Amino acid sequence: IIKNKVDTKVLNYVFSEKDKKEYCKHKDKKTFFYLIWCKKESYIKYTGKGLSTGLTNIDLNHLNKMFKTFVKHNHIFSICSPNKSITKIKNVVL
């Protein structure tokens, strides 16, 4: 669920320096934060390494072809896969 406010202290635990620069440029900072969070969360679940990976070490620009993200009804879903056929997914049902 997209919450009303992002605690900027959390950025240091989630965002790389590159992510922080993009965050500062983005108009809708709240949605941008949750989009990045969900992608990183789906990636660490995909790898099975969990938070030991260190969210700030994940470069999403390098991994973008592995994600499919949906925003529906104030929720963000992100799926991570090594298979490019993931782009064929058109919808998620709540």
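For the structure itself, consult the block above.
Now for a look at the structure at hand.

## Topic: the packing of helix α2 (residues 17–25) against helix α3 (residues 29–47)
- The geometry of α2 relative to α3 is characterised by a closest axis approach of 9 Å and an angle of 150 degrees between their N-to-C directions. Taken together, the axis directions place α2 and α3 in an arrangement best described as roughly antiparallel. Remark: the crossing between α2 and α3 carries right-handed chirality. From α2, D19, E22, Y23 and C24 reach across to α3, where they touch K29, F32, F33, I36 and K40.
- Its residues assigned to classes, the contact of α2 with α3 shows 5 nonpolar, no polar and 4 charged.

## Examining the packing of aromatic side chains
- A full pass over the atoms with the stated rule returns 7 aromatic pairs.
- A ring pair is formed by F15 and F32, whose centres lie 6.1 Å apart and whose planes are at 80 degrees; its orientation type is edge-to-face. One end of the pair, F15, is in the loop between α1 (11–14) and α2; the other, F32, is in helix α3, with 17 residues separating them in the sequence. Like F32, F15 is buried.
- Given a relative accessible area of 12%, F32 falls into the buried group.
- An aromatic cluster of three or more residues is present, and its members are F15, Y23, F32, F33, Y34 and W37.
- One Lys or Arg, K29, reaches over the ring of Y23 and ends 5.7 Å from the middle of that ring.

## Brief notes about the pattern of salt bridges
- One pass over the full model with this rule turns up 5 salt bridges.
- Linking E17 and K20 is a salt bridge whose minimum nitrogen-to-oxygen distance equals 3.2 Å. Highlighted residues: E17 and K20, both in helix α2, separated by 3 residues, approximately one helical turn.
- Taking the shortest distance from any N to any O, the salt bridge between D19 and K40 comes out at 2.7 Å. Pair noted here: D19 is in helix α2 and K40 is in helix α3, with a separation of 21 residues, a long-range link. Each member of the pair, D19 together with K40, is buried.

Thresholds, definitions, all that
Residues numbered from 1 in each chain as written. Predicted model: local features only at pLDDT ≥ 70, side-chain atom pairs only at ≥ 80, totals over all residues. Heavy atoms only, no water. Axes fitted to C-alpha atoms, helices over the stretch in contact; angles between N-to-C directions. Helix = DSSP H or I, 4+ residues; strand = E, 2+ residues; numbered from the N terminus. Parallel < 35°, antiparallel > 145°, perpendicular 65-115°, else oblique. Left-handed = near helix turned anticlockwise from the far one by under 90°. Contact = heavy atoms within 4.5 Å. Nonpolar A, V, L, I, M, F, W, Y, C, P; charged D, E, K, R; others polar. Phe/Tyr/Trp six-rings, centres within 6.5 Å; stacked < 30°, edge-to-face > 60°. Buried < 20%, exposed > 50% of the residue type's maximum accessible area, 1.4 Å probe, protein only. Lys NZ or Arg CZ within 6 Å of the ring centre and 35° of its normal. Salt bridge = Lys/Arg side-chain N within 4 Å of Asp/Glu carboxyl O.

Geometric descriptors of this kind do not, in isolation, establish any biological role.
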